[in-house]
Amino acid sequence: MSDRFLAGRTALVTGSTSGIGLGIAQSMASAGARVAVNGLGSAEQIAQALASVQAAGAPDVRHFGADLSDAAAVETMMAQIADWSPSDIVVNCAGVQHAAPLADMPAATWDKLIAINLSAAFHTMRLAMPGMAARGYGRVVNIASVHGLVASVNKAPYVASKFGLIGLSKVAGLE
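Nothing here was measured: the structure is a model prediction, and the numbers come from that model.

To continue, consider helix α5 (residues 156-174). Taking 1.5 Å per residue, 19 residues should reach 27 Å; α5 reaches 27 Å between its end C-alpha atoms and fits that length. Buried residues of α5: P157, Y158, V159, S161, K162, L165, L168 and A172, and no others. Contact partners of the buried residues in α5: α4 (107-135) and β5 (139-142).

Moving on, we get to the pairing of strand β1 (residues 10-13). Residues T10 and L12 line one face of β1 and the alternating positions A11 and V13 line the opposite face, and both faces are buried. Where β1 meets strand β2 (residues 34-37), 4 bridges bridge the pair, whose relative direction is parallel. Its bridge partner lying in β2, A11 is registered against V35. Handedness of the β-α-β unit built from β1, helix α1 (residues 19-30) and β2 comes out right-handed. Strand direction decides the pairing type here: β1 and strand β4 (residues 89-92), joined by 3 bridges, are parallel.

With 20 residues, the main nonpolar core has L6, V13, M28, V35, V53, I89 and V91 as its most contacted residues. Of all the secondary structure elements, the ones that give two or more residues to this core are β1, α1, β2, α2 (43-55) and β4. With 5 residues, α1 is the largest single contributor of residues to this core. Those residues in contact with L6 that lie beyond four places of it in its chain are M28, A31, G32, A33, I89 and Y137. Residues A66, L68, M78 and I116 belong to the second largest nonpolar core, which totals 17 residues.

What follows is about the side chain of N142. In this fold, N142 is placed in strand β5. A relative accessible area of 16% means that N142 is categorised as buried. Engagement of the side chain of N142 in a polar contact is seen with the side chain of N92, the distance being 2.8 Å. Side chain to side chain, N142 and S169 meet in a polar contact 2.8 Å long.

Parameters at a glance
- Residues numbered from 1 in each chain as written.
- Predicted model: local features only at pLDDT ≥ 70, side-chain atom pairs only at ≥ 80, totals over all residues.
- Heavy atoms only, no water.
- Helix = DSSP H or I, 4+ residues; strand = E, 2+ residues; numbered from the N terminus.
- Expected span 1.5 Å × (residues − 1).
- Buried < 20%, exposed > 50% of the residue type's maximum accessible area, 1.4 Å probe, protein only.
- Contact = heavy atoms within 4.5 Å.
- Pairing = 2+ DSSP bridges.
- Right-handed = clockwise from strand over helix to strand, strands pointing away.
- Core = buried A, V, L, I, M, F, W, Y, C linked by side-chain atoms within 4.5 Å.
- Polar contact = N/O pair within 3.5 Å; in protein donor to acceptor, adjacent residues only side chain to side chain.

Structure, rendered in structure tokens:
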């Protein structure tokens, strides 16, 4: 297998302006993929992320700054990526966490964590997978956590979202 086995492919990596997501984006680039970087950060942080992905070997890299807690923003991002270069690979890596006892968890925090950690993956998948099927190639990688298998005190929305992400991934695999 060639080191550039993803040449001609496009990969979207959510949460890729830093951390694990950035590392995944760099790996996709080193394999030859065009990379759609998604994530938050200062202009400087985003520029550094783009530069590092390009330096890793991406023939083209662009930032798509959608707020993943907003379904309409995810839809807009996916349309923008499709206009640029349809996604052959989607890596749902974005994730947020807030620790508090269940009784003290603000409802808005619950909603935001579920939206970013679970619903955003649903939206990227439902919008990318039909095109992947039509083109005869596609890969979806959903990054969960050990918290998708076991519970933890004070992490109700995070644990629920990661259990949900594993279930969503299994359903997509069956379909």
